[in-house]
Structures are given as C-alpha cells and as structure tokens.
Amino acid sequence: MKPTQIERDIVEQVERYRFVLPDSIVAEQSNETTSEVVRRLIQRRVLHEVRLPAETVCLAARRSPATTQSVARALAVHRFCRDRSRRQTFLRKTELARYFPTLFQTGLPGGYYVDATREPPVLGLIRVDVGLDEVGRIVSRCHQLARRHQQLPGFRQLMTAGQFEITYLVATEQKARRLSVALSLLEKTGVRCVVEPVPVLLDLLAPLPTT
C-alpha cells in the first residue's frame, strides 16, 4: 500500500531525528487522525516503540541498541528544532551544501541546523548536556568548538557576517541562566551562543525514584 503524505512526513521526521516522542508529532501535526496514523505505522513495523526510564516511550525508525543518553540527545534536539516559535531545520550532512555551498564538508561533525527564517540564513551547531556537566566544563567545550570552527575559512566568513551560532541544550532553567551569563564573553569572537532548557533531559537522565 502506498504511504500517505502524513505517513511520509511522520517517518521522515523520525528518521531525521532518530528518536521522537509521539506526543510531539501529534501536537505538531494538529490533526485528529495523527495518533491513529502513528499507531498504524507501529503496527506495520515502519516505526518502533522504545521504552525509556520514567515510563517514557519514544518512536524510532529502526530497531537498534540505544543508550539513554543518545535518546535524550535526540529528543532534546527535536524539541528545540521543531518548536513552533522557531522551526529550525536539523540538517543531514548531505544537506549542508544546499544552504551553505562554500563550506568544506569532509570531516565536519553532525549536529548542525539552519534557521532559514532569518535573512541571511543562520547556521547553528547544537550540543546537548547529556552528561549533566558543570557549567565551567560546558563553557570550556564551547570555546573549543568556537576555535575549531574559526580555523575553517567558510565558518570564519559566516561568523563575520553574524551567520553562525552555537546552541547548548540543558536540563533546567537555572542552569540555562548561569550558562548564558558565563558564555556571554564568547560573542566577542563573533560566535553567538544560545542556551535553552529542555526539561525532558532531566526526566530521562535523572529520573525520580519510583516508590
């Protein structure tokens, strides 16, 4: 049976992010039949359920071993990129050239997104605090990422034009505020830093004990 457009959209989204919460898809589609479509895709084994701590269930496009950290990272990225107030596009490596053809792609890490709603478009590198690290350690890591990208001519051009940013997703609002202040000096290098809380990280990485 030929898949419908909504089925293709849902599967493409799960494949792009690797793991997605069913409620996120249903809320985004704003379609009363979406829950039924997801259920049908699971029954046909096009999508698979992955059970996590805190009684969390997410969707995956294929059955494969996954750590809690890798799933938490994917869910946080999905929440950030698909937020209705932003709608960044999380990029596969092969898609970088569509928006930024001058970037040298060989050896680039994964985890880039583009905000094409801005003019000119902004390229972002997204990282997730799955280790629940101290603020100082994250700051050091962000400076290292900035220096590494500054060594590449294509990224230097983007920084000069204000078209590059680093986004860090953390578990709590308190940590996000502290990290934002600590990273403010990095903007002098031409790299904008975005820090946002994603509570699902706390639910997965530090779940409350069950009684």
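First, a word on what this report is: a plain description of the structure on this page. (Residues numbered from 1 in each chain as written. Predicted model: local features only at pLDDT ≥ 70, side-chain atom pairs only at ≥ 80, totals over all residues. Heavy atoms only, no water.)

### Comments concerning helix 7 (residues 153–160)
1) Next: Listed in full, the buried residues belonging to helix 7 are Gly154, Phe155, Leu158 and Met159. The buried residues of helix 7 occupy one face: seen down the axis, they fall within an arc of 140 degrees. Across from the buried face of helix 7, at angles greater than 90 degrees, the exposed residues are Gln157 and Thr160.
2) Next: Looking one or two residues beyond helix 7, the residue adopting positive phi is Gly162, at roughly 70 degrees. (Buried < 20%, exposed > 50% of the residue type's maximum accessible area, 1.4 Å probe, protein only. Helix = DSSP H or I, 4+ residues; strand = E, 2+ residues; numbered from the N terminus. Arc of directions from axis to C-beta.)

### As for the packing of aromatic side chains
1) Next: By the definition in use, this model includes four aromatic pairs.
2) Next: Where Phe155 meets Phe164, the ring centres are 5.4 Å apart and the plane angle is 80 degrees; that geometry is what we call edge-to-face.
3) Next: Take Phe155: its relative accessible area is 1%, and that puts it in the buried class.
4) Next: Every member of this aromatic cluster is reached through a ring pair, and the members are Tyr112, Phe155 and Phe164. (Phe/Tyr/Trp six-rings, centres within 6.5 Å; stacked < 30°, edge-to-face > 60°.)

### Examining empty space enclosed by the protein
Using a probe with the size of a water molecule, rolled over the atoms, empty space left in the structure can be pinpointed.
1) Next: Applying the stated criterion across every chain, the model contains one cavity of 30 Å³ or more.
2) Next: Considering only enclosed or pocket space, the largest cavity measures out at about 40 Å³ in volume.
3) Next: Grouping the amino acids of the lining of the largest cavity by side-chain chemistry returns four nonpolar, two polar and two charged. (1 Å grid on protein atoms, 1.4 Å probe; cavity = no way out; pocket = protein on both sides within 12 Å on 5 of 7 lines; lining within 4 Å. Points joined across faces, edges and corners; volume = space filled by probe spheres on them. Nonpolar A, V, L, I, M, F, W, Y, C, P; charged D, E, K, R; others polar.)

### A short note on the nonpolar core
1) Next: In terms of nonpolar packing, the biggest core is built from 37 residues, with Ile10, Val14 and Leu75 touching the most fellow members.
2) Next: When contributions to this core are tallied by element, the ones reaching two or more residues are helix 1 (5–17), strand 1 (19–20), helix 3 (34–43), strand 3 (56–60), helix 4 (68–81), strand 6 (122–128) and helix 9 (200–205).
3) Next: Counting residues per element, this core draws most heavily on helix 4, which supplies eight residues.
4) Next: Dropping the residues within four chain positions of it, Leu75 is found in contact with Phe19, Val20, Leu21, Leu52, Cys58 and Leu204.
5) Next: By size, the runner-up hydrophobic cluster in this structure holds 29 residues, among which are Val114, Val135, Val139 and Phe155. (Core = buried A, V, L, I, M, F, W, Y, C linked by side-chain atoms within 4.5 Å. Contact = heavy atoms within 4.5 Å.)

### Digging into the environment of Gly110
1) Next: Following the sequence through the fold, Gly110 ends up in the loop between helix 5 (96–99) and strand 5 (112–115).
2) Next: Judged by its relative accessible area of 38%, Gly110 is partly exposed.
3) Next: When the C-alpha atoms of Gly110 and Val38 are compared, they prove to be 27 Å apart, with 72 residues separating the residues in sequence.
4) Next: Every residue in contact with Gly110, bar those within four places of it in the chain, is listed here: Lys93, Leu125 and Arg127.

### A closer look at helix 6 (residues 135–150)
1) Next: In this model helix 6 runs 23 Å from its N-terminal to its C-terminal C-alpha over 16 residues, within 8% of the 22 Å that 1.5 Å per residue would give.
2) Next: Taken residue by residue, helix 6 has Val135, Ile138, Val139, Cys142, Leu145, Ala146 and His149 as its buried positions. What you see down the axis of helix 6 is that its buried residues fit within an arc of 120 degrees, all on one side. What points out from helix 6, more than 90 degrees from its buried face, is the exposed set Gly136 and Arg137. (Expected span 1.5 Å × (residues − 1).)

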